[in-house]
Amino acid sequence: MTDLFVKDLDGNDTTLADIAKNQPTLFIFVRHFG
Amino acid sequence: MQVHREREAFRKLGVQPVVVGHSSLRYAKAFVDETKIDLPVYVDEKRVVYKALEFKRPLLAFLNPKVFKRAAEARSEGFTQPGVHGDAFQLGGVLLLMPDGSIPYKYASQFAGDHPKLEDLKAEVKRALA
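In this convention, every chain numbers its residues from 1, walking through the sequence in written order. Labels are handed out in written order, letters beginning with A for the chains and numbers beginning with 1 for the ligands. Local features in this predicted model are restricted to residues whose pLDDT is 70 or higher, and side-chain atom pairs enter the listing and the counts only when it is 80 or higher, whereas totals over whole chains, interfaces and linings include all residues.

Draft legend 1. Structural view of the environment of Ile 19 of chain A. Where helices and strands are cited, they refer to DSSP runs of H or I of at least four residues and of E of at least two residues respectively, numbered from the N terminus. Checked against the element boundaries, Ile 19 of chain A lands in helix α1 (residues 16-19). Classification of Ile 19 of chain A as buried rests on a count of 20 C-beta atoms within 10 Å. Throughout, a residue-residue contact means that the two C-beta atoms, derived from backbone geometry, are no farther apart than 7 Å. Aside from chain neighbours lying at most four places away, what touches Ile 19 of chain A is Thr 14 and Thr 25 of chain A together with Val 18 of chain B. We call a residue exposed when 12 or fewer other C-beta atoms sit within 10 Å of its C-beta, buried when the count reaches 20 or more, and partly exposed for counts in between; the C-beta positions come from the backbone.

Draft legend 2. Structural context of the interface of chain B and chain A. Taken together, the contact between chain B and chain A spans 49 residues of the former and 26 residues of the latter. If you list the elements that add at least two residues to the side of chain B that touches chain A, you get β1 (16-21), α3 (25-35), β2 (41-43), α4 (48-52), β3 (93-97) and α6 (118-129) of chain B. Note on residue categories: nonpolar means Ala, Val, Leu, Ile, Met, Phe, Trp, Tyr, Cys or Pro, charged means Asp, Glu, Lys or Arg, and polar means any other residue, Gly included. Looking at the side of chain B that touches chain A residue by residue, the class counts come to 33 nonpolar, 13 polar and three charged. Across five bridges, strand β3 (residues 25-29) of chain A lies against β1 of chain B in parallel orientation. From the neighbouring strand, Thr 25 of chain A faces β1 of chain B, where its bridge partner is Gln 16 of chain B. Strands qualify as paired when DSSP identifies two bridges or more between them.

Draft legend 3. The environment of Val 125 of chain B, seen in detail. On the secondary structure map, Val 125 of chain B appears in helix α6. Residues Val 125 of chain B and Leu 13 of chain B lie 112 residues apart in sequence; the distance between their C-alpha atoms is 7.4 Å. Residues contacting Val 125 of chain B, with those up to four places away along its chain left out, are Leu 26 of chain A together with Phe 10, Leu 13, Val 15 and Leu 96 of chain B.

Draft legend 4. Just the pairing of β3 of chain B, in detail. For β3 of chain B, a buried count of five out of five residues is recorded, marking the element as mostly surrounded by other parts of the structure. Here β3 of chain B shows a buried face lined by Gly 93, Leu 95 and Leu 97 of chain B and a second buried face lined by Val 94 and Leu 96 of chain B. For β3 of chain A and β3 of chain B, the ladder comprises five bridges, and the chain directions are antiparallel. Directly across from Leu 26 of chain A, in β3 of chain B, lies its bridge partner Leu 96 of chain B.

Draft legend 5. The arrangement of α3 of chain B in detail. Residues and elements named next belong to chain B. Listing the buried residues of α3 in full gives Tyr 27, Ala 28 and Phe 31. Across the axial projection of α3, the buried residues extend over an arc of 105°, all falling on one side. Facing away from the buried side of α3 by over 90 degrees, the exposed positions are Arg 26 and Asp 33. On the buried face of α3, the contacting elements are β1 and β2. Trailing α3 by a residue or two, Lys 36 shows a phi angle of about 55°, which is positive. Arc definition: directions from the helix axis to the C-beta atoms.

Draft legend 6. Looking closely at the nonpolar core. Only buried residues count toward a nonpolar core: Ala, Val, Leu, Ile, Met, Phe, Trp, Tyr and Cys, linked into one set through C-beta atoms within 7 Å. Leu 26, Phe 27, Ile 28 and Phe 29 of chain A together with Val 20 of chain B are the most contacted members of the largest nonpolar core, which has 34 residues in total. Looking at this core, the elements that each hand over two or more residues are α1 and β3 of chain A together with β1, α3, β2, α4, β3 and α6 of chain B. Apart from the residues lying within four places of it in its own chain, the contact partners of Leu 26 of chain A are Phe 10, Val 15, Pro 17, Val 94, Leu 96 and Val 125 of chain B.

Written out as structure tokens, the structure is:
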């Protein structure tokens, strides 16, 4: 599941694993933006 | 967002907090512009990751007395909810992902407004990084 893609704000695809590859990462999955 | 207020504390613990939402890039950008949030923000437009992580999407998510209690607590802490974009029923959660791919901590919200207490979250991070 860590290989699934999300988009950064520039619209580029990246994976959770890529985001966390250099540092432990705390992903906050929000219910909504706001 | 409480983690945003405590972002430096989490960074000092050795983790980078990031935010993932499930609506569109447009709303994500508007969120960043309006809040000036100092965290990386990502979008899971089709909720693929939310589903893979088995974050709940209860159709009766709002018909829980705890929702109203949490909403009142959030308001008293200075948080407001101007509107919901995306899937209003989709709940969130928290995931701690290590560089080796392991996931020492995961929290799935049980109802709207449910999230781990900051002190519990910090304790979990400390335990995972010990």
